[in-house]
Number of protein chains: 2
Amino acid sequence: MNLRRPEPADVLDAHERLGIAIRTPLLRSDELDARVGGKVFFKCENLQRCGAFKFRGAYNCLSRLDRQAYPGGVVAYSTGNHGQAVATVGRMLGIPSTIVMPYDAPSVKIAKARAQGAQVVLYDRRAARREEIAARIADANPVAIIPPGDDPFVIAGQGTVAGEALQALSGANVDVVLVPCGGGGLAAGTCLAVEAFRSKAEVWAAEPLAFDDTKRSLASGQREKNLRLDGSICDALLAPTPAVLPFAINRERLARVLVADDRQVLEAMRFVYEELRVVVEPGGAIGLAALLANPEALRGRSAVVVASGGNVDTGLFMRALQSAGDRVAA
Amino acid sequence: MNLRRPEPADVLDAHERLGIAIRTPLLRSDELDARVGGKVFFKCENLQRCGAFKFRGAYNCLSRLDRQAYPGGVVAYSTGNHGQAVATVGRMLGIPSTIVMPYDAPSVKIAKARAQGAQVVLYDRRAARREEIAARIADANPVAIIPPGDDPFVIAGQGTVAGEALQALSGANVDVVLVPCGGGGLAAGTCLAVEAFRSKAEVWAAEPLAFDDTKRSLASGQREKNLRLDGSICDALLAPTPAVLPFAINRERLARVLVADDRQVLEAMRFVYEELRVVVEPGGAIGLAALLANPEALRGRSAVVVASGGNVDTGLFMRALQSAGDRVAA
């Protein structure tokens, strides 16, 4: 693992390298602006390859892999978007990938990783920690671990989301960039991107209520733990504690952390469906959910709000739509 | 009304003028390519302002309005995307708009037009034709009629959808541009765009089964009528007969017309939701529906498939998602 702290220049470098990523659109609506009392540019990483921004970090990292040193390829531990991204990028670049997943992960997710040619290693989450399994695999084989946050190239790759948005909006005033926050890699990359692209925007993060480890860690100055690892629909954001490298950056640069609960997240998913016509996963909607729940937060200002992903169970998505039943019948 | 036949140069001119439109993304997926046996770039005009490509034609037309000749602004007859686009562009440009709608149109659509500042004139669709009501308004007031298809600037504006896609894909091979077809304005604009952007792509259209007036008109050489004006979920495509100016262009240049039925359209809507994570309305999904229903059509070729809009009733959208129930439960 590479624990060099990334710099703003790493984001510019990743930005050059990531021509292969979709330049995702910035959507807006008058209705949305009216609701938050400001101006919102909704950055649709749900439309990114693999349906999430994680493609960026994975590509920025894997495309630099020393293939002679790691002929066995890469290993990642993730049930979700990071694992899918590593498997997909591995296939694109001809790099073998191994993804460590709990055996009770949704079978569609296991099948999707295998469809990308990944080798899937299943484990019992009550009996083992995924990081340890990945470390054991890396000890026994010539493979590189691709962590979801603790890697300078992953962080810099995630930073290109904001970089691309700020570049597209050059000339427009952007006061805030608001990103979902799990382990903190996206937030940290965003902090670097703002400097790299010479923006004066503040970086804000949004976390699920009761999974506000980054908020509490910023307050205490050390990496705090979440009390639980389940109990929120925002499956993409349930890291146990801030990752080390991201937190080193976020503690210095992150200006504010907002929170939202599951009901607010479902309402935001519905709002995005109705007004912007895209599908966001719960974790991807949390920034907007937090703004809608805190209507004073953005008053009179402008923000890039990052929708981090769109990989959501249809049952859950329909729950979000049904919360709109009465309005739709009107 | 301006019945000059538009030329390819009009599309280039509209392309210059439409910097204000969203450059909508071209999405793709390996799963989609595998299903059609070719390469598909899905052009997301569902993410356009107002949720449909109609913004382009409306803006290209209204932004040229002679305001001294028409101090009363513009009038349009449309329950759907064209009417919303004219109302929205009117508001943007400070041009008063009047939208003629049947009194039994969905109240949300009437409310949306009014929210844009439009004056809504309601009529009884059993007792009057909307074109006549618009003509009567234009006779009595200094207002210009903005028809949905029979206008060179509207057609040229719609052509910028394909123009933008071909420009973004310059260098890539595009064999086909496939567009939804109601009155034929989008298809005609696309034919001009292909020439304007020096592409060799064929232009194909897709129509709802039993509303294949353009297909039959191309075969007979004259403008044929649909037998009915309801009975398909593709509400955006139920024009009674091809519009005059578009048909003059389409009869010379349109290479092929495919059809799809409601069930195929619902399945395509679900597929787009699952694979591309965007919301398309039935008419917007018909191109993809026709390709999925005719898996030999694109074999080994590449196509830009235009998703024309995303304005769909939530009840209908959930019907589309439910058709996936068994796969989701897997």
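All chains use their own residue numbering, which begins from 1 and follows the written sequence. Here the convention is simple: chains get letters from A, ligands get numbers from 1, in the order in which they are written. Local features are withheld for residues below a pLDDT of 70 in this predicted model, meaning they are given only at 70 or higher, and side-chain atom pairs are given and counted only at 80 or more; totals for whole chains, interfaces and linings count all residues. Each side-chain value is worked out from all heavy atoms of the structure, with water and hydrogens disregarded.

This part covers the interface of chain B and chain A. We call two residues contacting when some pair of their heavy atoms lies within 4.5 Å. Of the residues lining the interface, 27 residues belong to chain B; the matching set on chain A comes to 27 residues. Summed over both partners, the interface of chain B with chain A comes to about 2,400 Å²; 61% of that surface belongs to carbon and sulfur atoms. Three residues, Tyr273, Arg277 and Thr314 of chain B, lead the burial of chain B against chain A; their summed loss comes to 29% of the area buried on that side. Counting of polar contacts relies on pairs of N or O atoms within 3.5 Å, with two restrictions inside protein: one atom must be capable of donating a hydrogen and the other of accepting it, and residues adjacent in sequence are counted only when both atoms are side-chain atoms. Here chain B and chain A share six residue pairs in polar contact (both at pLDDT 80 or more) between them. Counting from the N terminus, the helices are the DSSP runs of H or I reaching at least four residues and the strands are the DSSP runs of E reaching at least two. Elements represented by at least two residues in the side of chain B that touches chain A include exactly helix H5 (107–115), helix H11 (262–276) and helix H13 (314–322) of chain B. In terms of residue count, the dominant contributor to the side of chain B that touches chain A is H13 of chain B (six residues). Under the convention adopted here, Pro, Cys and the residues Ala, Val, Leu, Ile, Met, Phe, Trp and Tyr are nonpolar, Asp, Glu, Lys and Arg are charged, and Gly plus all remaining residues are polar. Classifying every residue of the side of chain B that touches chain A gives 16 nonpolar, eight polar and three charged. Simply put, the buried area is the total loss of 1.4 Å probe accessible area from both parts when two parts are fitted together.

The next subject is helix H10 (residues 244–253) of chain A. A simple rule labels every residue: compare its accessible area, found with a 1.4 Å probe on the protein chains alone, to the largest value its type can have, and call it buried under 20%, exposed over 50%, or partly exposed in between. Along H10 of chain A, the positions that sit buried rather than exposed are Leu245, Pro246, Phe247, Ile249 and Asn250 of chain A. Summarising the contacts, the buried residues of H10 of chain A are in contact with helix H7 (152–168), helix H8 (185–196) and helix H9 (213–220) of chain A.

This part is about the state of the cysteines. Criterion for a disulfide: a pair of cysteine sulfur atoms at a distance within 2.5 Å. For the structure shown, the criterion picks out zero disulfides over all chains. There is no disulfide at Cys61 of chain A, and the cysteine sulfur nearest it, in Cys50 of chain A, is 15 Å away. Classification of Cys61 of chain A as buried rests on a relative accessible area of 9%. Sulfur of Cys44 of chain B: no disulfide; nearest cysteine sulfur belongs to Cys44 of chain A and is 10 Å away. Residue Cys44 of chain B is classed as buried on the basis of its relative accessible area of 0%.

Salt bridge, as used here: a side-chain nitrogen of Lys or Arg that lies within 4 Å of a carboxyl oxygen of Asp or Glu. One pass over the full model with this rule turns up 36 salt bridges over all chains. Glu131 of chain B serves as the salt-bridge partner of Arg130 of chain B, at 3.9 Å between the closest nitrogen and oxygen. Residue Glu131 of chain B is classed as partly exposed on the basis of its relative accessible area, which comes to 26%. Because the salt bridges share partners, they merge into one network encompassing Lys43, Glu45, Arg56 and Glu164 of chain A.

Between two packed helices, the angle of one axis relative to the other and the distance separating the axes together describe the packing. All names here are of chain A. The geometry of helix H1 (residues 8–17) relative to H7 is characterised by a closest axis approach of 8 Å and an angle of 80° between their N-to-C directions. Taken together, the axes of H1 and H7 are roughly perpendicular relative to one another. In contact with Asp10, Val11, Ala14 and His15 of H1, H7 contributes Ala156, Gly157, Gly159, Thr160, Glu164 and Gln167. Split into classes, the residues belonging to the contact of H1 with H7 amount to three nonpolar, five polar and two charged. Only C-alpha atoms enter the line fits that serve as axes; for helices the fit covers just the stretch in contact. Angles between N-to-C directions range over 0 to 180 degrees. Roughly parallel refers to an angle under 35 degrees, roughly antiparallel to one over 145, roughly perpendicular to one between 65 and 115, and oblique to any angle outside these ranges.

Attention shifts here to the packing of aromatic side chains. Geometrically, a pair of aromatic rings is defined through the distance of the ring centres and the angle of the planes. Think of it this way: a Phe, Tyr or Trp ring, Trp meaning its six-membered ring, pairs with another when their centres are within 6.5 Å, and the plane angle makes it stacked under 30 degrees, edge-to-face over 60, tilted otherwise. Across all of its chains, the model carries six aromatic pairs over all chains by this definition. Measuring from centroid to centroid gives 6.2 Å for Tyr273 of chain B and Phe317 of chain B, while their planes differ by 85°, and the two rings are edge-to-face. One end of the pair, Tyr273 of chain B, is in helix H11; the other, Phe317 of chain B, is in helix H13, with 44 residues separating them in the sequence. Among the residues examined, Tyr273 of chain B registers a relative accessible area of 4% and is labelled buried. Taken together, the ring pairs connect Tyr273 and Phe317 of chain A together with Tyr273 and Phe317 of chain B into an aromatic cluster. Only Lys NZ and Arg CZ are tested; either one counts as a charge over a ring when it is within 6 Å of the ring centre and within 35 degrees of the ring normal. Across from the ring centre of Trp204 of chain B, 4.8 Å away, lies the NZ or CZ of Arg256 of chain B, which sits over that ring.

Residues and elements named next belong to chain A. For chain A, the assigned domains are domain 1 (8–52 + 151–321) and domain 2 (55–145). The interface of domain 1 with domain 2 comprises 27 residues on the first partner and 14 residues on the second. Summed over both partners, the interface of domain 1 with domain 2 buries about 1,700 Å², with 56% contributed by carbon and sulfur atoms. Taking the shortest distance from any N to any O, the salt bridge between Arg56 and Glu164 comes out at 3.2 Å. There are 11 residue pairs in polar contact (both at pLDDT 80 or more) connecting domain 1 and domain 2. For the side of domain 1 that touches domain 2, the secondary structure elements donating two or more residues are H1 and H7. No other element matches H7, which puts eight residues into the side of domain 1 that touches domain 2. The domain boundaries here were taken from an automatic or database domain assignment.

All names here are of chain A. Here four strands make up an open sheet; going across it, the order is E5-E4-E3-E6 and the pairing parallel. For this open sheet the edge positions go to strand E5 (119–123) and strand E6 (143–145), each flanked by a neighbour on one side alone. The sheet shows a mean angle of 25° between the axes of neighbouring strands, direction not considered. In terms of strand pairing, strand E4 (residues 97–102) meets E5 through five bridges, oriented parallel. Its bridge partner being in E5, Ile99 is matched across the sheet by Val120. Paired strands, in this sense, are two strands between which DSSP finds at least two bridges.

Moving on: the pairing of strand E10 (residues 302–307) of chain B. Residue and element names in this part refer to chain B. In terms of burial, E10 is a largely internal element, six of the six residues being buried. The alternating pattern of E10 places Ser302, Val304 and Val306 and Ala303, Val305 and Ala307 on opposite faces, both of which are buried. Two strands pair when backbone bridges link them, and strand E7 (residues 176–180) and E10 are joined in this way by three bridges, in the parallel orientation. The residue bridging Val176 from the neighbouring strand is Ala303, located in E10.

Moving on to the pairing of strand E8 (residues 202–208) of chain B. All names here are of chain B. With six of its seven residues buried, E8 lies for the most part within the structure. In terms of strand pairing, E7 meets E8 through five bridges, oriented parallel. When the sheet's bridge partners are listed, Val179 is paired in E8 with Ala205. A right-handed crossover is one whose linking path, passing over the helix from the first strand to the second, runs clockwise when the strands point away from the viewer. Handedness of the β-α-β unit built from E7, helix H8 (residues 185–196) and E8 comes out right-handed. Pairing analysis gives five bridges linking E8 to strand E9 (residues 256–260), with the strands arranged parallel. The residue bridging Ala205 from the neighbouring strand is Val257, located in E9.

In this section: the confidence of the model for chain A. Residue and element names in this part refer to chain A. On average, residues of chain A score 94 in pLDDT, and 98% of them reach the 70 mark or higher. Per residue, pLDDT captures the predictor's confidence, and it can take any value from 0 to 100. Residue range residues 325–330 is modelled with pLDDT below 50. Its contacts to residues more than four positions away, or to other chains, number seven contacts. In the model output, the complex is listed with pTM 0.93 alongside ipTM 0.90.

Once that is clear, we can look at the nonpolar core. Among the nonpolar cores identified, the biggest contains 91 residues, and Phe42 of chain A together with Phe42 of chain B are the most heavily contacted of them. If sequence neighbours within four positions are ignored, Phe42 of chain B has contacts with Pro25, Leu26, Leu27, Val272, Leu276, Val278, Val280, Leu288, Val305 and Ala307 of chain B. The criterion is simple. A nonpolar core is a set of buried Ala, Val, Leu, Ile, Met, Phe, Trp, Tyr and Cys residues joined through side-chain atoms within 4.5 Å.

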